[in-house]
Amino acid sequence: MSKTLTIEDRLGIDKFQVDEEHAHIRLNAELCATCATKPCTWACPALLYKLEAGAVKFDYAGCLECGTCRVICPVKGAITWEYPKATFGIQFRYG
Ligand code: SF4
Ligand code: SF4
């Protein structure tokens, strides 16, 4: 019988080439501070947005490039989102 993979198992299969010199997603901390609901902290499937002492902390390494944070963010201009440059980013692996 095959084992059901947890989300951590599945994320562990993926491979990331992180561009250390250029963040493909950047936040405007001042605008984020005005965001009442902070939906990025629960909507990101890779759990990259964390709430620490009331402020959002974000690490772009491990991003699945799904675009959820860009779509769900309610504050115009708070997120600058682009795909990683060529050769960087996620490589999905399914087994
Ligand atoms: S949802 Fe957008 S504005 Fe709100 S905390 Fe997250 S990134 Fe910032
Ligand atoms: S694009 Fe998807 S995985 Fe990447 S930070 Fe946004 S919600 Fe998370």
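Everything below is about the structure printed above this text.
The rules behind each value
Residues numbered from 1 in each chain as written. Chains lettered and ligands numbered in written order. Predicted model: local features only at pLDDT ≥ 70, side-chain atom pairs only at ≥ 80, totals over all residues. Heavy atoms only, no water. Helix = DSSP H or I, 4+ residues; strand = E, 2+ residues; numbered from the N terminus. Buried < 20%, exposed > 50% of the residue type's maximum accessible area, 1.4 Å probe, protein only. Lys, Arg positive; Asp, Glu negative; His and termini not counted. Salt bridge = Lys/Arg side-chain N within 4 Å of Asp/Glu carboxyl O. Polar contact = N/O pair within 3.5 Å; in protein donor to acceptor, adjacent residues only side chain to side chain. Contact = heavy atoms within 4.5 Å. Near = heavy atom within 4 Å. Nonpolar A, V, L, I, M, F, W, Y, C, P; charged D, E, K, R; others polar. Core = buried A, V, L, I, M, F, W, Y, C linked by side-chain atoms within 4.5 Å.

**Here we look at the side chain of Lys 38**
Inspection of the secondary structure assignment puts Lys 38 in the loop between α2 (29–33) and α3 (40–43). One buried charged residue, Lys 38, forms no salt bridge at all, with the nearest opposite charge on Glu 52 at 13 Å. Within the structure, the side chain of Lys 38 is placed 3.2 Å from the backbone oxygen of Cys 32, a separation counted as a polar contact. When neighbours within four sequence positions are excluded, Lys 38 is seen to be in contact with Cys 32, Ala 33, Leu 51, Gly 54 and Val 56.

**Digging into the site of ligand 1**
As a structural note, the neighbourhood of ligand 1 is formed by Leu 27, Cys 32, Cys 35, Lys 38, Pro 39, Cys 40, Val 56, Cys 73, Pro 74, Val 75, Ala 78 and Ile 79. In terms of residue class, the shell around ligand 1 is built from 11 nonpolar, no polar and one charged.

**A few points about the site of ligand 2**
Near ligand 2 you find 13 residues, and of these Cys 44, Cys 63, Leu 64, Cys 66 and Cys 69 are the closest. Among the residues making up the shell around ligand 2, the classes are represented as 10 nonpolar, two polar and one charged.

**A short note on the nonpolar core**
One broad rule of soluble globular proteins: the nonpolar side chains tend to lie buried together. The biggest cluster of nonpolar side chains holds 13 residues, and the ones touching the most others in it are Ile 25, Tyr 49, Cys 69 and Ile 79. Those residues in contact with Ile 79 that sit more than four places away from it in its chain are Ile 25, Arg 26, Leu 27, Tyr 49, Cys 69, Arg 70 and Cys 73.

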